[in-house]
Amino acid sequence: MPVEETDTQVIVTLPSDPTTKVTILKYGGTVISWLNKGNEQLWVSEGAFLDGSKPVRGGIPLVFPIFGKQKDESHPTYPLPQHGFVRNSTWEFLGQTTANPPTVQFGLGPEQINSDLLKLWDNGSNDFTLILTVKLEAEKLTTEIEVENTGSKKFEFNWLFHTYFKIPDITDTLINNLIDQKCYDQLLKEHYTEKSPIISFHEEFDRIYQSIPLDKIFQIIEFGKVLINVRRLNLPDAVVWNPWIKKSEATADFFPKTGYLNMVCVEPGNVSSFINLNAGEKWKGGQELSIGGEIKVQTNIY
Ligand SMILES: O=P(O)(O)OC[C@H]1O[C@@H](O)[C@H](O)[C@@H](O)[C@@H]1O
């Protein structure tokens, strides 16, 4: 059966290959597994809560309407918890939209969000519908979001796919095509231009790369082999994160504590500025994750 729904999750299987499947938890609309030919591509902590008591530590948590914690006290998102409220709300399964490639949708609106949380965004005065689309193909997973302002006033928001990739060893992992991109280093609290032709990891890493041309593809590479390609659809920014040793130890649901060696987050989003959405308007963004292929070097000079 290509699409199977249980009380808590939806499993989509590629009709031509039963070992290729994606599992989406209704809680958070979180993709918690992407098996490609039987090989898991996403990292999920062994200590992650999958029972709806806490956002999932791993997979593809969804971030809206604020990335991180808002520092500007005058902004309507200031009272919200880190990364907003959709990663900890239960989405409605809307069904399958196409049979091949198998595609499913989930929806979320204010009525499904805990009222105490909802009130923290502009006193609960914003009305919106979010539609998450998950499409599974051979060697490829696409997740797209549509945000519609169904209220009578404009609102501003961030969006981010907080994607945790499973990798053999972070110390052998490289990410390309970020050279010459502006970034904000969340650890140094400094803005600068990335000068490394290829990113490597030796310590905690937390950078927001900003306004990256949309034709740039990030490749996660190990020993000259492309593991994953990350393409962005209408999402200009990307956060790259690895918590390394101390932060993993300090994060209760991060397990095993050596798990930082086997994960890297590459998170397509729109987080260095807000998206403005007028009443009645819609906005769309997405990420396309694909496996393997050639190394593609892209600089700012083509
Ligand atoms: O612990 P959380 O809320 O899931 O956040 C995890 C990380 O998410 C990343 O996107 C941020 O850049 C990090 O600063 C943050 O630590």
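For the structure, see preceding data.
Calculation criteria
- Residues numbered from 1 in each chain as written.
- Predicted model: local features only at pLDDT ≥ 70, side-chain atom pairs only at ≥ 80, totals over all residues.
- Pairing = 2+ DSSP bridges.
- Helix = DSSP H or I, 4+ residues; strand = E, 2+ residues; numbered from the N terminus.
- Near = placed C-beta within 6 Å.
- Nonpolar A, V, L, I, M, F, W, Y, C, P; charged D, E, K, R; others polar.
- Core = buried A, V, L, I, M, F, W, Y, C linked by C-beta atoms within 7 Å.
- Buried ≥ 20, exposed ≤ 12 C-beta atoms within 10 Å, placed from the backbone.
- Contact = placed C-beta atoms within 7 Å.

## A closer look at the pairing of strand β19 (residues 225-233)
As judged from the five bridges shared by strand β18 (residues 218-222) and β19, these two strands associate in the antiparallel manner. Bridge pairing in β19 links I221 to V226. By the bridge criterion, six bridges tie β19 to strand β22 (residues 282-291) in an arrangement that is antiparallel. Following the sheet pairing, V230 is matched in β22 by L289.

## Structural notes on the site of the ligand
Around the ligand lies a shell formed by Q82, H83, H162, Q186, D206, V239, W241 and E267. Residues belonging to the shell around the ligand are distributed by class as follows: two nonpolar, four polar and two charged.

## Re the sheet that holds strand β2 (residues 9-14)
Hydrogen bonding along the main chain pairs the strands of a sheet, whether they run parallel or antiparallel. Pairing within the open sheet is antiparallel, and its five strands lie in the order β1-β2-β3-β4-β5. Of all strands in the sheet, those with a lone pairing partner are β1 (3-5) and β5 (39-40), marking the two edges. Bridge count for strand β4 (residues 30-36) against β5 is two bridges, and the pairing is antiparallel. Counterpart to L35 in the pairing with β5 is E40.

## A word on the nonpolar core
Counting residues in each nonpolar core, the largest one holds 73 residues, and the members touching the most others are F165, V240 and V266. At six residues, strand β21 (residues 263-277) tops the list of elements feeding residues into this core. If near-sequence neighbours (up to four positions away) are discounted, F165 is found in contact with Q41, L42, W43, I220, I228, M263, V264 and V266.

## Here we look at the pairing of β21
Across five bridges, the pairing between strand β11 (residues 155-161) and β21 is antiparallel. What sits directly across from L160, in β21, is G269. Sheet topology places strand β12 (residues 164-166) next to β21; three bridges connect them, and they run antiparallel. Its bridge partner lying in β21, K166 is registered against M263. Note: strand β20 (residues 237-242) against β21, five bridges, orientation antiparallel. Considered in β21, the bridge of D237 is made with G269.

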